[in-house]
Each structure stands twice: as structure tokens, then as C-alpha cells.
Amino acid sequence: MAIQQKYRREEVSEVSCCLKYIIFSFNVLFWMFGLSVMAVGVWAWTEKNAFNNLSKLTHLALDPAFALILIGGITFIIGFTGCIGALRENTCLLGSYAVLLAVILILELTAGVLTFVFKDSIKSQATEGLQTFIVHYREDPDQQNLIDWIQEDWLQCCGIKGPEDWDFNNYFNCSSQKVGSREACGVPFSCCKRKLNEIVENKQCGYDVRKVGFYAEKWTSLNLPTQTGERNIYERGCMRAAEEWVEDNFIGVLTTVMTVTILQILGICFAQNLRADIFAQKGKWH
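Parameters at a glance
- Residues numbered from 1 in each chain as written.
- Predicted model: local features only at pLDDT ≥ 70, side-chain atom pairs only at ≥ 80, totals over all residues.
- Heavy atoms only, no water.
- Helix = DSSP H or I, 4+ residues; strand = E, 2+ residues; numbered from the N terminus.
- Buried < 20%, exposed > 50% of the residue type's maximum accessible area, 1.4 Å probe, protein only.
- Contact = heavy atoms within 4.5 Å.
- Areas by Shrake-Rupley, 256 points an atom, 1.4 Å probe, with all protein chains shown as cover.
- Core = buried A, V, L, I, M, F, W, Y, C linked by side-chain atoms within 4.5 Å.
- Salt bridge = Lys/Arg side-chain N within 4 Å of Asp/Glu carboxyl O.
- Disulfide = S-S within 2.5 Å.
- pLDDT = per-residue confidence, 0-100.
- Phe/Tyr/Trp six-rings, centres within 6.5 Å; stacked < 30°, edge-to-face > 60°.
- Expected span 1.5 Å × (residues − 1).
- Polar contact = N/O pair within 3.5 Å; in protein donor to acceptor, adjacent residues only side chain to side chain.

The next subject is the overall build of the protein chain. Within the protein chain, the regular secondary structure consists of eight helices and zero strands. Mapped in sequence order, the helices and strands of the protein chain form the string α-α-α-α-α-α-α-α. Buried residues in the protein chain amount to 34% of all 286 residues. Long-range contacts, defined as pairs at least 24 residues apart, comprise 67% of the intrachain contacts of the protein chain with a sequence gap of at least 6. For the protein chain, the computed accessible surface area is about 18,200 Å², with 64% contributed by carbon and sulfur atoms.

See the structure below:
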């Protein structure tokens with residue numbers, strides 16, 4: 001007579017609900033955030049018709065829309081594996097979640113060390129990237145908006161080392177006067193210092209400001225005695241402004257980096273602990 005073996009659980013204990021739903025709740029937000037960022041990037045590409053004309057994407061790595069899609073996609077995948085892995089108690093997804101967080105953490109630490117060791121080389125690469133942004137300023141609306149935000153709202157700067165760097169752009173190059181460019185020997189409006197109580201922003205404030213004798217012509221056109229003075233634009237370059245910003249906000253930057261690092265480490269530890277609980281519960285079935 002065959003003996004029928006019964007499979008049963010010896011104890012009625014579950015995995016830690018607190019740990020499970022902490023991982024789930026955090027990663028739901030992470031998942032939705034990644035989806036939103038990716039959607040904005042796709043929308044930006046759609047607006048400039050990039051999907052139908054891929055030849056426009058000559059500098060893909062410097063395209064802000066592509067950066068949003070890439071960051072959003074990675075965030076979406078990490079949030080998905082953590083959220084669904086915790087909810088369904090899926091050890092495979094939880095393992096993938098922990099591995100992804102560990103890989104990103106290692107890449108961040110490596111980038112930080114390389115930035116410190118090869119500071120001059122990184123600065124040179126950043127300068128080349130900003131120069132590419134300036135060259136293509138009028139060709140890509142996303143790059144244009146990014147440059148304007150950096151110069152006007154974030155760093156209050158102009159060009160890479162100064163306003164003269166806008167000679168790299170065909171529209172603002174002083175030689176463009178010969179072909180009738182109104183922006184020749186000028187700078188974008190984002191280089192201009194806003195006046196107090198200015199309600200409507202003057203988009204033409206940067207015209208001719210790098211032109212020799214600009215102020216003499218200006219005062220003459222107003223039938224006023226010739227005067228000299230500083231140009232009403234930011235003279236500080238964005239590279240120096242960025243270095244000063246990091247120095248002034250070093251504590252905040254360091255705190256943010258440390259917080260992100262700690263959260264990543266906690267995410268890895270929580271995922272591994274939850275996997276261990278799940279394996280322990282499965283081991284009690286026999």
C-alpha cells in the first residue's frame with residue numbers, strides 16, 4: 001500500500017509585512033517618477049519630430065530629451081522590479097532590483113573617484129560639451145532652453161569662459177553681420193541682467209553688446225552725451241560660475257549625495273532581507 005506524503009507548513013508565519021510594504025511603497029513612487037520623466041522625454045522628442053527624422057540627433061549624448069528618456073527608463077525598470085518583486089514576493093525580481101541598485105551605486109562611486117582624480121580632464125570634457133551646446137544653440141530647442149536656464153536662472157553667467165564664447169555660434173558670430181544676422185556680435189537674452197521691476201523680459205537685450213563702440217553708438221542714438229560703463233550682461237563664464245556654485249553649496253551637495261547613497265544601500269539590504277525571509281518561509285514547506 002502506497003504511503004501518501006502530505007506537504008504542509010509547520011508554522012503559520014509570514015514574511016515581514018513592514019519590510020515588504022516599505023519596499024513596495026517607495027518603489028511605487030520611484031516607478032511613477034521614472035514613467036513621468038520618460039514620458040516628458042518622449043514628448044520632447046515628438047515635439048521636435050525626432051522620431052521621423054533621426055538625422056537631427058547628431059549629438060545624442062548631449063540631447064536633454066534623450067537624457068530624460070534614459071534616466072526615466074532606468075528609474076522605471078528599477079521601480080518596477082522593486083515594486084512587483086516585493087508585492088508578489090518574487091525572489092528573482094527582488095534579486096534583480098538589488099543587483100541594479102548595486103551596479104548604479106558602484107558606477108556612482110567610480111564616477112566620483114574619477115572626477116576627483118581626473119579633474120582637469122573632466123573639466124575639459126565639460127567645456128567641449130558646453131561649446132557644442134553653444135554651436136547648436138539655434139538648432140535644438142531643448143538645448144536652447146537648457147542653456148538659457150543655466151545662464152539666466154541657475155548660474156547667472158554667459159558663455160563658457162565669458163560672453164566672447166558666443167562667437168562659436170554662427171548666428172552670434174561677429175562675421176555674421178555680412179550676411180545680415182541681427183544677432184551678430186550679440187549674446188542670447190539669457191546673458192542679460194534683469195532690471196528691477198521689469199515685467200516683460202526684453203528678448204533683444206543682447207543685440208550688439210559685443211560690438212566695438214556699442215555704448216558710444218547707443219548714447220549717440222539717444223541724443224545723449226557719450227558715456228562709458230559696464231555692459232548689462234553677465235561677464236562671468238559658466239565654468240567658473242559652476243565651480244563657485246559647488247563651493248558655495250558644498251554642504252548641500254555632499255548631504256544630497258550621502259542621502260542618495262544611504263537610500264541605495266538600504267534598498268539593497270531591505271531587498272536581500274526580504275528575499276531571505278521568503279526563502280526561509282519556502283524552506284518550511286516539506
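Turning to the nonpolar core, a few remarks are in order. Ranked by size, the top nonpolar core spans 16 residues in total, and within it Cys158, Trp166 and Val187 carry the most contacts. Here this core takes three residues from helix 4 (residues 119-135), the largest share from any one element. Among all residues touching Cys158, those that are not within four sequence positions of it are Gln151, Pro163, Trp166, Val187, Cys191, Tyr234, Arg236, Gly237 and Cys238.

We now examine the pattern of salt bridges. Applying the stated criterion to the full structure yields eleven salt bridges. Here Arg236 and Glu244 are joined by a salt bridge, their closest N and O atoms 2.6 Å apart. According to the relative accessible area criterion, Glu244 is partly exposed, its value standing at 26%. What emerges from the salt-bridge pattern is a single network uniting Glu152, Arg194, Glu201 and Lys203.

Right, let's get into the state of the cysteines. By the definition in use, this model includes four disulfides. Between the sulfur atoms of Cys192 and its disulfide mate Cys205 the distance is 2.2 Å. A torsion of 110° about the S-S bond marks the disulfide between Cys192 and Cys205 as right-handed. Here Cys192 is found in the loop between helix 5 (141-154) and helix 6 (214-221), whereas its partner Cys205 is found in the loop between helix 5 and helix 6, with 13 residues between them in sequence.

Next up on the list: the confidence of the model for the protein chain. Should pLDDT be low for a region, the predicted coordinates there are not to be read in detail. A residue-level look at the protein chain finds 84% of positions with pLDDT of 70 or above and a mean pLDDT of 85. A low-confidence stretch, residues 7-13 stays under pLDDT 50, and its non-local contacts, those more than four residues away or across chains, total 13 contacts. Confidence drops under pLDDT 50 across residues 222-228; counting only partners more than four residues distant or on other chains, this segment forms seven contacts.

Within the structure shown, the criterion is met by ten aromatic pairs. Ring centres of Tyr137 and Trp166 lie 5.0 Å apart, and the angle between their planes is 80°; on these two criteria the pair is classed as edge-to-face. You can see Tyr137 sitting in the loop between helix 4 and helix 5 and its partner Trp166 sitting in the loop between helix 5 and helix 6, a full 29 residues away along the chain. This pair shows no difference in class: Tyr137 is buried, exactly as Trp166 is. Each member of the aromatic cluster is reached from another via a ring pair, and the members are Trp31, Phe76 and Phe80.

A rise of 1.5 Å per residue sets the reference length of helix 5, with its 14 residues, at 20 Å; its end C-alpha atoms lie 18 Å apart and thus fit the reference within 8%. Among all positions of helix 5, only Asp142, Gln143, Gln144, Ile147, Asp148, Ile150, Gln151 and Glu152 are buried. Where helix 5 is buried, its residues meet helix 1 (17-47), helix 2 (64-87), helix 4 and helix 7 (238-248). Regarding helix 5, its N-cap is Asp140, as a side-chain oxygen of that residue lies 2.9 Å from the backbone nitrogen of Asp142 further along. Phi turns positive one or two residues past the end of helix 5, at Gln156, with a value near 50°.

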